[in-house]
Structure formats: C-alpha cells, structure tokens
Amino acid sequence: MPSCVRWEILMHERFSGVWICKGFGRTTTSAEPTELGRAVLAAYLAGRSARGETFRVVVRADNGSQSVITPGQLADFGWKADPAVCQALPAYLRNALA
C-alpha cells in the first residue's frame with residue numbers, strides 16, 4: 001500500500017559536530033523506505049566528491065518508522081538501486097543513478 005515517505009540528506013560538520021541538511025524530499029510510494037533511502041543517498045553521492053565529508057540520509061515513513069542510511073550500507077552485498085524504487089525519486093536523483 002503506498003505511503004508518504006520523507007527523507008533528509010545530511011552532512012556532518014566536523015568542527016561543530018552537527019548534522020547539516022543538504023537536501024530533502026518526499027514521495028508517495030509502496031517501495032521499502034530503507035531501499036528508497038539507499039537510492040537517495042547513492043544518487044546524491046554519485047559523481048560528487050565527498051572531500052572527506054560524512055553524509056547520511058534519514059528516511060521517515062507515515063507509519064512512524066525511521067531509518068538512517070549511511071554510505072557503508074551501499075557497499076553491503078554489492079547493493080544496486082532497484083529500477084522500481086528509482087521511479088519514486090525526483091528526476092535529478094533518478095538521472096544521477098542512470
């Protein structure tokens with residue numbers, strides 16, 4: 001059943017120790033929120049030099065669940081973005097994964 005999923009792309013600011021919002025979005029989808037978060041993070045980091053910065057994505061679903069996705073989770077088991085999940089992303093993120 002489709003639900004609204006919201007995400008925040010966060011960067012850790014080393015000097016102050018706080019997480020700074022670099023982007024956010026929402027979509028209505030039946031995709032697993034954690035998989036959607038992985039796709040968001042992978043797309044955001046694609047072609048971007050992280051320059052030693054730390055990023056994460058926080059995903060919140062309508063049912064109250066929350067997931068935190070880190071770059072390490074993208075390497076787990078050779079993870080690849082599911083094309084069906086990518087369809088729930090905005091065009092600028094979907095195109096970054098193409």
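Refer to the structure printed above.
Please read all numbers here as calculations on a predicted model, not as lab measurements.

**Q** Please clarify how the overall build of the protein should be interpreted in this entry.
**A** Secondary structure assignment for the protein yields four helices and four strands. If you line up the protein on its principal axes, its C-alpha atoms span 40 × 30 × 25 Å. The long-range fraction of contacts in the protein, counting pairs at least 24 apart against all pairs at least 6 apart in sequence, stands at 59%. Accessible area for the protein stands at about 5800 Å²; split by element, carbon and sulfur atoms hold 53% of it. If the 11 positive side-chain charges of the protein are averaged to one point and the 8 negative ones to another, these points end up 6 Å apart.

**Q** In this structure, what is going on with the pattern of salt bridges? I would like to understand it.
**A** Side-chain pairing between opposite charges can occur once the charged atoms of the two side chains come close. With the rule as written, the count across this model stands at three salt bridges. The shortest N-O distance in the salt bridge between R60 and E8 comes to 2.5 Å. Of this pair, R60 sits in strand β3 (residues 54-61) while E8 sits in strand β1 (residues 3-13); the two residues are 52 residues apart in sequence, bridging distant segments of the chain. E35 is the salt-bridge partner of R38, the closest N and O atoms lying 2.5 Å from each other. Of this pair, R38 and E35 both sit in helix α1 (residues 33-45), separated by three residues, roughly a single helical turn.

**Q** It is not clear to me how the packing of aromatic side chains should be interpreted in this structure. Could you clarify?
**A** How two aromatic rings sit relative to each other is given by the distance of their centres and the angle of their planes. Here the structure, examined in full by the defined rule, presents one aromatic pair. Between the NZ or CZ atom of R56 and the centre of the ring of W19, over which it lies, the distance is 3.9 Å.

**Q** Honestly, the sheet that holds strand β4 (residues 66-69) in this entry has me stumped. Any pointers?
**A** What holds strands together in a sheet is hydrogen bonding between their backbones, with the strands either parallel or antiparallel. Read from one edge of the open sheet, four strands run β2-β1-β3-β4, paired in antiparallel fashion. Edge positions in the open sheet fall to β2 (18-29) and β4, since each of these has one partner strand only. This sheet shows a mean twist of 20 degrees between the axes of neighbouring strands, independent of strand direction. Sheet topology places β3 next to β4; four bridges connect them, and they run antiparallel. Residue R60 lies in a different strand from β4, and its bridge partner there is Q66. Packed on one face of the sheet, α1 meets β1, β2, β3 and β4 and runs near 150 degrees to β3.

**Q** Whenever I open this one, the environment of S3 confuses me. Can you help?
**A** If you trace the backbone, S3 turns up in strand β1. Judged by relative accessible area, S3 falls into the partly exposed class, the value being 24%. On a C-alpha basis, the gap between S3 and S30 in space is 6.2 Å, while along the polypeptide they are 27 residues apart. Beyond its immediate sequence surroundings of up to four residues, S3 is in contact with T27, T28, T29 and D62.

**Q** Explanation requested: the side chain of R38 in the structure shown.
**A** For R38, a relative accessible area of 16% translates into the label buried. What R38 contacts, discounting residues up to four positions off in sequence, is I69, Q73, L74 and W79.

Analysis parameters
Residues numbered from 1 in each chain as written. Predicted model: local features only at pLDDT ≥ 70, side-chain atom pairs only at ≥ 80, totals over all residues. Heavy atoms only, no water. Helix = DSSP H or I, 4+ residues; strand = E, 2+ residues; numbered from the N terminus. Contact = heavy atoms within 4.5 Å. Areas by Shrake-Rupley, 256 points an atom, 1.4 Å probe, with all protein chains shown as cover. Lys, Arg positive; Asp, Glu negative; His and termini not counted. Charge placed at Lys NZ, Arg CZ, Asp CG, Glu CD. Salt bridge = Lys/Arg side-chain N within 4 Å of Asp/Glu carboxyl O. Phe/Tyr/Trp six-rings, centres within 6.5 Å; stacked < 30°, edge-to-face > 60°. Lys NZ or Arg CZ within 6 Å of the ring centre and 35° of its normal. Pairing = 2+ DSSP bridges. Axes fitted to C-alpha atoms, helices over the stretch in contact; angles between N-to-C directions. Buried < 20%, exposed > 50% of the residue type's maximum accessible area, 1.4 Å probe, protein only.

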